[in-house]
Amino acid sequence: MRLGILTGGGDCPGLNAVIRAVVRKSLELGYEILGIKYGWRGLLEMETLPLDRRAVSGILHRGGTILGTSRTNPLGVPNGLQRIAENSRKLGLDVLVAVGGDDTLGVAAKLAELGVRIIGVPKTIDNDLQCTDYTFGFNTAMTIVAEALDRLHSTAEAHDRVFVIEVMGRDAGWIATYGGLAGGADYILIPEKSFTLEEVCESIQRRHAQGKHFSLIVVAEGAISEELKKPILQSEKKDAFGHLRLGGIGEVLAKEIEERTGFETRSVVLGHLQRGGAPTPYDRILATLYGVKAVELAQQGRSGVMVALQGNQIVAVELAKCVASAKTVDMEIYKMAQTFFG
Ligand code: F6P
């Protein structure tokens, strides 16, 4: 059997760990494995990278992806899906392992319907894919947020300042909620729950009245205030999947807080620091379990499924189900986090 593997969408810590696991398991079973470069673009343009044991040596702990990635959307390219199906045949691929988030796996689900044998692996720091408890990359991102909060805590306290920390999370506030909880945030703002500037300011004022003269506010880039009614954009430009580039809510909030409360306020955007660098040991293991399971599913003749973590089991779930909608933050967890707000 000959497998292909590609990584699509935004990069995410643990991609190389999946590639390594897929290659090592394939070789153990006597399969051939071909790397496809730059996500779907590589299958449209036939850009490939031969993978063997040597190619994946020493990459477990490395961020990024040795295959490269892109946000190329075959659905926006004339006959894109058909071209990919045909090129997969030309490359002699029996099964394709697609490592990606909702965009990449949405395309994978459509290809599976066309008869391309395909296994999905859930990747995104946002953790917003259905059917799996966690995507790999999320643990690293929230750890980075927690570490940043630890550092900002001491400088905020030293200067009696408010800090607004903007984190990633377009449609779902998993990184904000978990990173904020782990880092002891005094308020967390997420896309799932609209908020008023007044409630945020009141909460900071309550803390001050209790003798705490600094505060850390975590805000997901996609959070929307009732006053502004729409997300803050960095640019009106859309990517190939129609996503607007978000960014700026942290600075907007910081200005409003300073004006309304009179407390000196700074904003920090963590941005792509949340995606770069080495994966945590948890993500290395999750990515490895996913990669091995993907090859086992290929061996069993499965297709149109995604590997997923459910409880402590790695299982296979229908790809179409996983990409039907975004997995938003469990409001029970958010309510629990509110216990620690100012
Ligand atoms: O989907 C992952 C993610 O990191 C989002 O949280 C963020 O909105 C987006 O990618 C930004 O990606 P880029 O800057 O690569 O377009």
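Just so we're clear, the structure is a prediction, and the values are computed from it rather than from any experiment.

Student: Tell me what's going on with the side chain of E221, and back it up with residues and numbers.
Tutor: Secondary-structure assignment places E221 in the loop between β8 (215–220) and β9 (233–238). The buried charged residue E221 lacks any salt bridge partner; its closest oppositely charged side chain belongs to R170, at an N-O distance of 5.3 Å. A distance of 3.1 Å separates the side chain of E221 from the backbone nitrogen of G169, its partner in a polar contact. Here R170 takes part through its backbone nitrogen, which lies 3.5 Å from a polar atom of the side chain of E221.

Student: Break down the environment of L189 for me, citing the residues and quoting the values.
Tutor: Tracing the backbone through its elements, the reader meets L189 in strand β7 (residues 187–189). Under the relative-accessibility criterion, L189 is labelled buried at 2%. Considered as a pair, L189 and L44 are 145 residues apart in the sequence and their alpha carbons are 40 Å apart. Not counting residues within four places of it along the chain, the set of residues in contact with L189 comprises A176, F195, V200, I217, V218, V219, A220, A223, L253 and Y334.

Student: Go over the sheet that holds β8, please, and point to the residues and values.
Tutor: Read from one edge to the other, the open sheet built from four strands follows the order β7-β8-β6-β11, with strand pairing classed as parallel. Since the sheet does not close on itself, it has two edges, and those belong to β7 and β11 (265–269), each with one partner. For this sheet, the mean angle separating the axes of adjacent strands, direction not counted, is 20 degrees. By the bridge criterion, five bridges tie strand β6 (residues 162–167) to β11 in an arrangement that is parallel. Counterpart to E166 in the pairing with β11 is V269. On the sheet, helix α6 (residues 174–183) packs against β6, β7 and β8 and is oriented at approximately 170 degrees with respect to β7.

Student: Break down the sheet that holds strand β12 (residues 305–310) for me, citing the residues and quoting the values.
Tutor: The strand order across the open sheet built from seven strands is β3-β2-β1-β4-β5-β12-β13, with neighbouring strands paired in mixed fashion. A strand with exactly one partner marks an edge of an open sheet, and here the two such strands are β3 (48–50) and β13 (313–318). The mean angle between the axes of side-by-side strands here comes to 30 degrees, regardless of whether they run parallel or antiparallel. One ladder, built from three bridges, connects strand β2 (residues 32–36) with β3; its direction is antiparallel. Residue pairing across strands places I36 opposite T48, the latter belonging to β3. Packing against the sheet, helix α4 (residues 102–113) makes contact with β1 (2–7), β4 (95–100), β5 (118–122) and β12, and its axis sits at approximately 165 degrees to β5. In this fold helix α9 (residues 281–299) packs onto β1, β4, β5, β12 and β13, with an angle of close to 140 degrees to the strand it touches most, β12.

Student: Can you break down the site of the ligand residue by residue, with the values?
Tutor: Every residue close to the ligand is listed here: R71, I125, D126, M168, G169, R170, E221, H272 and R275. At 2.8 Å, a side-chain N or O of R71 approaches an oxygen atom of the ligand. Contact distances for the ligand include 2.8 Å between an oxygen atom and a side-chain N or O atom of H272. Considered on its own, the ligand offers 400 Å² of accessible surface; in the complex 78% of this is hidden by protein. Per-class residue counts for the shell around the ligand are two nonpolar, two polar and five charged.

Student: Residues and numbers for the pairing of β6, please.
Tutor: Burial analysis of β6 places six of its six residues in the buried class, which makes it a mostly covered element. The alternating pattern of β6 places V162, V164 and E166 and F163, I165 and V167 on opposite faces, both of which are buried. In the sheet, β6 pairs with β8 via six bridges, with the strands oriented parallel. Across the sheet, the residue bridging to V167 is A220, located in β8.

Student: Can you tell me about the nonpolar core, naming the residues and giving the values?
Tutor: In terms of nonpolar packing, the biggest core is built from 82 residues, with I5, V121, F136 and L189 touching the most fellow members. The dominant element in this core, judged by the number of residues it contributes, is helix α5 (residues 138–159), at eight residues. Residue assignment places this core across two domains, with domain 1 (2–136 + 277–322) and domain 2 (140–274) each supplying three or more. Discounting chain neighbours no more than four positions away, the residues touching I5 are I19, V22, I33, L34, G35, I36, L51, L67, L96, V97 and V99. The next biggest cluster of nonpolar side chains, apart from the first, holds 26 residues, and it includes L96, L111, L129 and V317.

What counts and what doesn't
Per chain, the residues get numbers from 1 upward, laid out in the order the sequence is written. Reporting in this predicted model follows two pLDDT cut-offs: at least 70 for local features of residues, and 80 or more for side-chain atom pairs to be given and counted; totals over whole chains, interfaces and linings ignore these cut-offs and use all residues. In computing side-chain properties, one takes all heavy atoms of the structure into account and sets aside hydrogens as well as water. Secondary structure elements follow DSSP: runs of H or I no shorter than four residues count as helices, runs of E no shorter than two count as strands, and numbering proceeds from the N terminus. Burial status follows relative accessibility: with a 1.4 Å probe on protein chains alone, a residue under 20% of its type maximum counts as buried, one over 50% as exposed, and anything between as partly exposed. In this count, Lys and Arg are taken as positive residues and Asp and Glu as negative ones, while His and the chain termini are left out. Salt bridges are defined by distance alone: a side-chain nitrogen of Lys or Arg within 4 Å of a carboxyl oxygen of Asp or Glu. Think of a polar contact as two N or O atoms within 3.5 Å of one another; within protein, one of them needs to be a possible hydrogen donor and the other a possible acceptor, and neighboring residues in sequence only count if both atoms come from side chains. When checking whether two residues touch, look at their non-hydrogen atoms; a contact exists if any pair is within 4.5 Å. If DSSP finds at least two bridges between two strands, the strands pair. Lines fitted to C-alpha atoms define the axes, with helix axes restricted to the stretch in contact, and inter-axis angles between N-to-C directions lie between 0 and 180 degrees. One heavy atom within 4 Å of a molecule or strand makes the whole residue count as near it. Reported accessibility uses the Shrake-Rupley method at a 1.4 Å probe radius. Residues are deemed covered only where the shown protein chains occlude them. Under the scheme applied, nonpolar residues are Ala, Val, Leu, Ile, Met, Phe, Trp, Tyr, Cys and Pro; charged residues are Asp, Glu, Lys and Arg; polar residues are all the others, including Gly. To qualify as a nonpolar core, a set must consist of buried Ala, Val, Leu, Ile, Met, Phe, Trp, Tyr and Cys residues joined through side-chain atoms within 4.5 Å. Here the bounds of each domain stem from an automatic or database domain assignment.

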